[in-house]
Amino acid sequence: MSAPHRPVGDRFRRYRSGRGGGEQLTVPPAEFTSYYGRPVLKPPVWKWDIAAYLFTGGLAAGSSLLAAGGQLTGRPALRRAGRVTSLAAVTASAYFLVNDLGRPARFHHMLRVAKPTSPMSVGTWILTVFGPAAGVAAVAEAAPWLPERGVLGVGRRLLPGVGRAAGLVAAATAPALATYTGVLLADTAVPSWHEAYPELPAIFAGSALASGAGVGLLAAPCAQAGPARRMAVAGAALELWGAHRVETRLGLLSEPYRTGVPGRLLRAGRTLTAAGVLGALAGRRSRLLSGLSGAALLAASVATRFGIFHGGVASARDPKYTVVPQRARVDRRAAQG
């Protein structure tokens, strides 16, 4: 049985050939359709837990940068909030990743090799370095609660210095943790992820900074929240620039980011990001407004990550996003040749 096809028009247009005077028949270009409407690509098997993994990894990275800023500028509330949130977020991130892999042993198996050309392999090693450093830095915050004498007293004296070193190691690894997931998505064959390879790392870096700033605005007094406000502005600028680019630069492949659930999520992310930044700047002396701004930035990061995730999945399910851009590239090369 032949595959169904769409009618290509009722009329044929005739013209005389320039050589030999014979007549040729031409038809209008047929409207694109795939075999029985099936996807050309197999859609990603990832579910919501990978979208949550994208968010928690960025939150861990942004929070560790916030903690390092608090540490280096003498703001203990920022340092404490950043360290504790970073540990909680990277723990949740590891859970979501292992839940997607199915068995914890599979994460261990990925550590058998280090392949710089594989974003998944690089990401595994980034998590392996970042996680313990973030954990030690967070545990060091419990040093004042330990007794002054005995074995625990030694820990009380040593932990602050070890925590400072571990916090700086985590902060140094944080930019790679924040952006490698964007590289990972762009390295797939999913059309709207692959074509957005310049923007995805920038969006994820901005989202990580904004979510870390949100933690600082929620947890720190206004007098200590200056670095968080600056992080919010920098993160929002990156995130909004990248989101605008993926919705306008990719031609047909921008469509999944503008329509349906992904479009609603990304629009909500932009609105919440703008509101969070404006509130952070206006609420320098208002604890309530700073807290609301922090919550808005965290919600914006969730919406942006899930919007990018669902936009890519939508582009893989519809065959036109795979075939039509391929045909356009072939036509451009033919014209150039």
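This section reports on the structure supplied with the text. From a predicted model like this one, the values you see are computed outputs, not experimental measurements.

The rules behind these values
Residues numbered from 1 in each chain as written. Predicted model: local features only at pLDDT ≥ 70, side-chain atom pairs only at ≥ 80, totals over all residues. Heavy atoms only, no water. Phe/Tyr/Trp six-rings, centres within 6.5 Å; stacked < 30°, edge-to-face > 60°. Helix = DSSP H or I, 4+ residues; strand = E, 2+ residues; numbered from the N terminus. Buried < 20%, exposed > 50% of the residue type's maximum accessible area, 1.4 Å probe, protein only. Lys NZ or Arg CZ within 6 Å of the ring centre and 35° of its normal. Core = buried A, V, L, I, M, F, W, Y, C linked by side-chain atoms within 4.5 Å. Contact = heavy atoms within 4.5 Å. 1 Å grid on protein atoms, 1.4 Å probe; cavity = no way out; pocket = protein on both sides within 12 Å on 5 of 7 lines; lining within 4 Å. Points joined across faces, edges and corners; volume = space filled by probe spheres on them. Nonpolar A, V, L, I, M, F, W, Y, C, P; charged D, E, K, R; others polar. Patch = residues over 30% accessible without salt bridge, like charges linked within 9 Å, V, L, I, M, F, W, Y side chains within 5 Å. Areas by Shrake-Rupley, 256 points an atom, 1.4 Å probe, with all protein chains shown as cover. Salt bridge = Lys/Arg side-chain N within 4 Å of Asp/Glu carboxyl O. Axes fitted to C-alpha atoms, helices over the stretch in contact; angles between N-to-C directions. Parallel < 35°, antiparallel > 145°, perpendicular 65-115°, else oblique. Left-handed = near helix turned anticlockwise from the far one by under 90°. Lys, Arg positive; Asp, Glu negative; His and termini not counted.

### Observations regarding the packing of aromatic side chains
In this structure the tally under the stated criterion is four aromatic pairs. Between the aromatic rings of Trp-48 and Phe-96, the centroid separation amounts to 5.7 Å while the plane-to-plane angle is 75 degrees, which identifies the pairing as edge-to-face. Of the two residues, Trp-48 sits in helix H1 (residues 48–72) while Phe-96 sits in helix H2 (residues 76–101), which places them 48 residues apart along the sequence. On the basis of relative accessible area, Trp-48 is assigned to the exposed category, the value being 54%. What links up through ring pairs into an aromatic cluster is the set Trp-46, Trp-193 and Phe-309. The aromatic ring of Phe-204 is capped on one face by Arg-305, whose charged end is 4.4 Å from the ring centroid.

### Observations concerning the nonpolar core
Grouped together as the largest cluster of nonpolar side chains are 65 residues, with contacts concentrated most on Phe-130, Leu-177, Trp-193, Leu-200 and Ile-308. Among the elements of the structure, H1, H2, helix H4 (119–140), helix H5 (150–186), helix H7 (200–219), helix H8 (226–248), helix H10 (260–282) and helix H11 (287–317) are those that each provide at least two residues to this core. A per-element tally of this core places H1 first, with 10 residues. Excluding residues within four positions of it along the chain, Leu-177 makes contact with Gly-57, Ala-60, Ala-61, Ile-126, Leu-127 and Phe-130.

### A short note on the layout of surface pockets
Here the largest pocket is characterised by a volume of approximately 240 Å³. Forming the walls of the largest pocket are Gln-71, Arg-79, Arg-80, Arg-83, Ala-140, Glu-141, Ala-143, Pro-144, Trp-145, Pro-160 and Arg-164. At the level of secondary structure, the elements contributing two or more residues to the lining of the largest pocket comprise H2 and H5. For the lining of the largest pocket, the class distribution of residues is five nonpolar, one polar and five charged. Volume-wise, the second largest pocket comes out at about 190 Å³. Residue lining of the second largest pocket: Glu-195, Arg-249, Leu-250, Leu-252, Leu-253, Val-324, Pro-325, Ala-328, Arg-329 and Arg-332, and that is the complete set. Each residue belonging to the lining of the second largest pocket can be placed in one class, and the counts come to six nonpolar, no polar and four charged.

### Quick word on empty space enclosed by the protein
In total, this model carries two cavities of 30 Å³ or more according to the counting rule given. The space that makes up the largest cavity amounts to roughly 60 Å³. Lining the largest cavity are Ser-64, Ala-67, Ala-68, Gln-71, Arg-83, Ser-86, Ala-134, Ala-137, Gly-167 and Ala-170. Within the residue set of the lining of the largest cavity, elements represented by two or more residues are H1, H2, H4 and H5. At four residues, H1 tops the list of elements feeding residues into the lining of the largest cavity. The computed volume of the second largest cavity comes to approximately 50 Å³. Looking at the second largest cavity, the residues that line it are Glu-239, Leu-240, Ala-243, Leu-266, Gly-269, Arg-270, Thr-273 and Thr-304. Elements that contribute at least two residues to the lining of the second largest cavity include exactly H8 and H10. When residues of the lining of the second largest cavity are assigned to their parent elements, the largest contribution, four residues, is made by H10.

### What to know about a nonpolar patch on the surface
Residues Val-136, Val-154, Leu-158 and Val-162 make up a contiguous nonpolar surface patch of about 300 Å² in total accessible area. The element that contributes the greatest number of residues to the nonpolar patch is H5, accounting for three residues. Relative to the helices and strands, Val-154 is located in helix H5.

### So, the packing of H10 against H11
Between H10 and H11, whose axes approach to 7 Å, the crossing angle comes to 155 degrees. By the angle between their axes, H10 is roughly antiparallel relative to H11. For the pair H10 and H11, the sense of crossing is left-handed. Across the contact of H10 with H11, the residue classes tally to 15 nonpolar, nine polar and no charged.

### Quick look at the side chain of Glu-239
When you line up the elements, Glu-239 lands in helix H8. Lacking a salt bridge, the buried Glu-239 has Arg-305 as its closest oppositely charged neighbour, with an N-O distance of 7.1 Å. With residues near it in sequence (within four places) discarded, Glu-239 still touches Ile-203, Gly-206, Ser-207, Ala-210, Thr-273, Ala-300 and Thr-304.

### Some remarks on the pattern of salt bridges
Within the structure shown, the criterion is met by seven salt bridges. Among the salt bridges present, the one from Arg-79 reaches Glu-141, with a minimum N-O distance of 2.8 Å. Separated by 62 residues along the polypeptide, Arg-79 in helix H2 and Glu-141 in the loop between H4 and H5 bring together distant segments of the chain. Overall, Glu-141 belongs to the buried group, its relative accessible area being 12%. Across the salt bridge formed by Glu-247 and Arg-270, the nearest N and O atoms sit 2.4 Å from each other. With Glu-247 in helix H8 and Arg-270 in helix H10, the pair connects residues that are 23 residues apart, well separated along the chain. The class of Glu-247 is buried, set by a relative accessible area of 11%.

As far as function goes, none of this settles anything; it's purely spatial.
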